[in-house]
Structure formats: structure tokens, C-alpha cells
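If you want the building blocks of each chain, they are given just below.
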Amino acid sequence: MSGIPEASEEITVEVQPDPPPRLDRALARDVPEGLGLSRSRLVKLIEAGDVRRGAEVLASPKARVAAGDVLTLRLGAPAEVPLVAEAIPLDVIFEDADLIVVNKPAGMVVHPAPGSPAGTLVNALMHHCGDSLSGIGGEKRPGIVHRIDKDTSGLLVVAKSDHAHQGLAAQFAAHSVDRIYDALVHGVPEASDPRLRGLPMVRFEPGGVLCLRASLARHRTDRQRQAVVAEGQGRHAVTRARVEARFGDPAGAAHLACWLETGRTHQIRVHLAHIGHGLLGDPVYGGRKRLSAKAFSPQALAAAEAFPRQALHARTLGFVHPVTGAALSFAAPMPADMAALVAALGG
């Protein structure tokens, strides 16, 4: 059996030898992978009375099953969810039946929230994808597997099917997704800087690659921020960065290529700010740092001062297609506002 089941289709699954003690776990193990049914979706089917053993309805995820049991699953159409479809233009880089890759502009929130109920990427995707959404967890919605901040631009992959959602989520959990960011920062993080070499979270690797390894957790007094914490007290986080260009005379800013081993909230912003090389324009972690008037022209200083957001762009995204197995890699050029800032700093 293969392929995503149609609306209201019934499928049968035979429980294989040595099943887990719970129905939901047994189904998660024995349902054909090609059906793209996550364990959460299976639990919903069970609780809705859509799983039977003969004439017996198995309505509890904890129900016992035995090897050889033949289970029937009734799969209804994906439920409509209360998300408003909005005709917002999208920069679509790639799309097929299972996923879509978009280049998100700065200023767009990824998912609706109390402070941003509309105008989000999800609202735009509901309109753009329409009936091509085959359902995530039994609901007709896009499957968000990762996010970038509202004021960060760049590439995002979104699942359109349950199967793709599971496969992409597994890759992000395994840290096997290739993500490279453009970052414009205060100062230049050089391997020759004794201050950096004295920081326990910093290591320089071959090729001048800066490796930042420090756990992150919510800030103790500001719940909207993240902060570096002692190892073992937060979530493990690793960022690597390489200097792409230096600006100023003497150099007082840099263009970094940053790539993530992990993907924690605000990770690049917090790590770089913690070592004294925060992002230009970052209103949360940038503090009061300003470029030196001795190193830059008045035009460059004005451009940096007026830049309205953190200078961060997700430029490269690479992963294995969760359905076809093809290796995919996409790139999005630096957006116009950051390119203009680079030109001003270089001038």
C-alpha cells in the first residue's frame, strides 16, 4: 500500500509480531510509512472512534493489541481550521505536491498569534496553496517545521502533507538541515582577538571559522528575550560563523556567513551579541552600540543608524526531500535593504 489516502477512505493494518503495549504506538510502528500518518494523527483517529478491530471500536490510545490483529482505520477529509486565507504575494522559490519553499520578506510574521492574527505567512499560504493542502495532523493547514523572526528575511520550507511534515521535522530534529545566514555585525570577530579567545564559549576552527557553543534559555526578567546560560541549564546551541567582508577604516563592522548546528529561538542574535558582535539594527540585543565616527563616513553612519531591523537574512536552505529522497538546496540573494547597507558601509 502506498500514497496518501483519499478522503473518507478505509485502510487495514495488521499488527506485526511483538507489538508495543499501546494501540497508538503499535499503529505508529505498523502503519505503512507512505501513508504519512503521524502518531498525533493516529491518536486523533482513535479518540474519534475511527479505529476498529472487527466490529469493536478501539477508542483509547492505551488499548491493548496482539500480533495478527487486523485493524481498520477510517480516514476522513482533513478538517478545515479557522485560519483566514489572505491573498498576500509570496516569493515562491520551489513548490510541489508535498512542500513549498518561500523567501519571506522582513516584517512578516510566520504564524498567527494574539499580537499578529492576520497578514502572516500562514495566512498567505492558506490562499496560495488552497486545495493542494492534503492535511497536517488531520487539519487542512500548512505544516510549519521551522521559523525565522518577523524582522529576519529569507528562506523557509513548509510542509503541505503529513508525510512531508514528519520527514522535515525529523531532519530539523536531527540538525541535518543546511542553513546559512547573512549577518551584518558590529566589529570583526577575528581569530587574533585575545578577548574572544578568552571566552569559554568561543573556539576557532580551521579556516578561521568561529564556533560559538553556549546554551540558551529565556531571559530571567524579560520573557520575550533569550539569554546565554550555564551549560546544562538551558538548551544546547551551536553557531558557526566566518567573516565574508570587513567594513570601515579601521574595520569596525563585518559581513558574516553564519550557519546553525542547532536552531534555537534568536540563536544567532543572542550568541553574537554575547561575544560583543551584535547585529546591526537589532532592537532587542543590539544595546546602545554605535559604529565609530572615525572609521566610517557620515553616509555609512546614517545608513546604519536608520536601518530598521536586525541585519539578518536566511540565504541558504538545504535538505533531503522527505518524499522523493532528492537532495535539495536553495539560495535567496541578500534583500535590497541589506544590500544597500552593505554598499553604504563599503563606501
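Since we're looking at a predicted model, the values are computed, not measured.

Visitor: Quick one: what's the story with the overall build of the chain, residue by residue and with numbers?
Guide: Counting its regular elements, the chain contains eight helices and 19 strands. Counting only C-alpha atoms, the chain reaches 80 × 45 × 40 Å along its principal axes. Sequence separation of 24 or more characterises 64% of the internal contacts of the chain that already satisfy a separation of 6 or more. As displayed, the chain has an accessible area near 16200 Å², and 52% of this comes from carbon and sulfur atoms. Across the chain, the 38 positively charged side chains and the 36 negatively charged ones have centroids separated by 9 Å.

Visitor: Can you tell me about the pairing of strand 18 (residues 312-320), naming the residues and giving the values?
Guide: Across the nine residues that make up strand 18, a large majority, eight, are buried. Across two bridges, the pairing between strand 10 (residues 153-159) and strand 18 is parallel. Bridged to Gly154 within strand 18 is Ala314. Relative to strand 18, strand 11 (residues 178-186) is paired through six bridges, and the arrangement is antiparallel. Looking at the pairing, Tyr181 lines up with Ala314 of strand 18. Taken together, strand 18 and the strand that follows it, strand 19 (residues 327-331), pair antiparallel across an intervening segment of six residues, in which Gly325 is found at a positive phi of about 85 degrees.

Visitor: Before we move on, can you summarise helix 2 (residues 39-47) with the specific residues and values?
Guide: Among the residues of helix 2, those classed as buried are Arg41, Leu42, Val43, Leu45 and Ile46. Those residues of helix 2 hidden inside the fold are in contact with helix 1 (23-30), strand 2 (51-53), strand 4 (70-75) and helix 4 (162-173). Just past helix 2, the residue Gly49 takes up positive phi, approximately 80 degrees.

Visitor: Account for the environment of Trp259, with residues named and values stated.
Guide: With respect to the element layout, Trp259 can be found in strand 17 (residues 253-260). By relative accessible area, which is 23% here, Trp259 ends up partly exposed. Contacts of Trp259, omitting those with residues within four sequence positions, involve Arg179, Ile180, Val209, Thr239, Arg240, Ala241 and Arg242.

Visitor: Would you mind going over the pattern of salt bridges in detail, with residue names and values included?
Guide: The full count for this structure, using the stated rule, is 20 salt bridges. Between Glu95 and Lys160 there is a salt bridge, and its shortest N-O distance comes to 2.9 Å. With Glu95 in strand 6 (residues 92-95) and Lys160 in the loop between strand 10 and helix 4, this pair connects stretches of sequence that are 65 residues apart. By relative accessible area, Lys160 is classed as buried at 4%. Taking the shortest distance from any N to any O, the salt bridge between Glu305 and Arg290 comes out at 3.2 Å. With Glu305 in helix 7 (residues 298-306) and Arg290 in the loop between helix 6 (267-274) and helix 7, the pair connects residues that are 15 residues apart, well separated along the chain. The two residues Glu305 and Arg290 agree in class, both being exposed. Salt bridges linked by common partners bring Asp182, Arg242, Glu244 and Arg315 together as one network.

Visitor: Could you give me a rundown of the environment of Ala227, with the residues and numbers involved?
Guide: For Ala227, the location among the structural elements is in strand 15 (residues 226-229). A relative accessible area of 18% means that Ala227 is categorised as buried.

Visitor: Just give me the short version of the nonpolar core, but keep the residues and values in it.
Guide: Among the nonpolar cores identified, the biggest contains 37 residues, and Tyr181, Val202, Leu256, Cys258, Leu272 and Ile275 are the most heavily contacted of them. Among the elements that line this core, the one with the most residues is helix 3 (residues 121-129), at five residues. The residues contacting Ile275, other than those within four sequence positions of it, are Arg195, Leu196, Leu199, Met201, Val202, Leu210 and Leu212. Membership of the second largest hydrophobic core comes to 18 residues, among which are Ala26, Ala63, Leu73 and Leu75.

Visitor: Can you break down empty space enclosed by the protein residue by residue, with the values?
Guide: If you walk through the whole model with that rule in mind, you get one cavity of 30 Å³ or more. The computed volume of the largest cavity comes to approximately 30 Å³. As for the largest cavity, its lining consists of Pro189, Gly208, Leu210, Ala241, Arg242, Val243 and Leu256. At three residues, the largest contribution of residues to the lining of the largest cavity is made by strand 16 (residues 238-247).

Visitor: Account for the packing of helix 1 against helix 2, naming residues and giving values.
Guide: Close contact between helix 1 and helix 2 brings their axes to 9 Å; oriented N to C, the two are set at 130 degrees. If you check the angle between helix 1 and helix 2, you find them oblique. Taken as a pair, helix 1 and helix 2 cross one another with a handedness that is right-handed. Listed contacts from helix 2 to Leu23, Asp24, Arg25, Leu27 and Ala28 of helix 1 are Arg39, Leu42, Val43 and Ile46. Taken together, the residues of the contact of helix 1 with helix 2 sort by class into six nonpolar, no polar and three charged.

Visitor: Please provide a residue-by-residue account of the side chain of Thr239, values included.
Guide: Secondary-structure assignment places Thr239 in strand 16. We classify Thr239 as buried; its relative accessible area is 0%. There is a polar contact of 2.7 Å between the side chain of Thr239 and the side chain of Gln267. Within the structure, Thr239 has its side chain in polar contact with the side chain of His271 (distance 2.9 Å). With residues up to four places along the chain from it excluded, the contact list for Thr239 reads Leu210, Cys211, Leu212, Cys258, Trp259, Leu260, Gln267, Ile268 and His271.

Calculation rules
- Residues numbered from 1 in each chain as written.
- Predicted model: local features only at pLDDT ≥ 70, side-chain atom pairs only at ≥ 80, totals over all residues.
- Heavy atoms only, no water.
- Helix = DSSP H or I, 4+ residues; strand = E, 2+ residues; numbered from the N terminus.
- Contact = heavy atoms within 4.5 Å.
- Areas by Shrake-Rupley, 256 points an atom, 1.4 Å probe, with all protein chains shown as cover.
- Lys, Arg positive; Asp, Glu negative; His and termini not counted.
- Charge placed at Lys NZ, Arg CZ, Asp CG, Glu CD.
- Buried < 20%, exposed > 50% of the residue type's maximum accessible area, 1.4 Å probe, protein only.
- Pairing = 2+ DSSP bridges.
- Salt bridge = Lys/Arg side-chain N within 4 Å of Asp/Glu carboxyl O.
- Core = buried A, V, L, I, M, F, W, Y, C linked by side-chain atoms within 4.5 Å.
- 1 Å grid on protein atoms, 1.4 Å probe; cavity = no way out; pocket = protein on both sides within 12 Å on 5 of 7 lines; lining within 4 Å.
- Points joined across faces, edges and corners; volume = space filled by probe spheres on them.
- Axes fitted to C-alpha atoms, helices over the stretch in contact; angles between N-to-C directions.
- Parallel < 35°, antiparallel > 145°, perpendicular 65-115°, else oblique.
- Left-handed = near helix turned anticlockwise from the far one by under 90°.
- Nonpolar A, V, L, I, M, F, W, Y, C, P; charged D, E, K, R; others polar.
- Polar contact = N/O pair within 3.5 Å; in protein donor to acceptor, adjacent residues only side chain to side chain.

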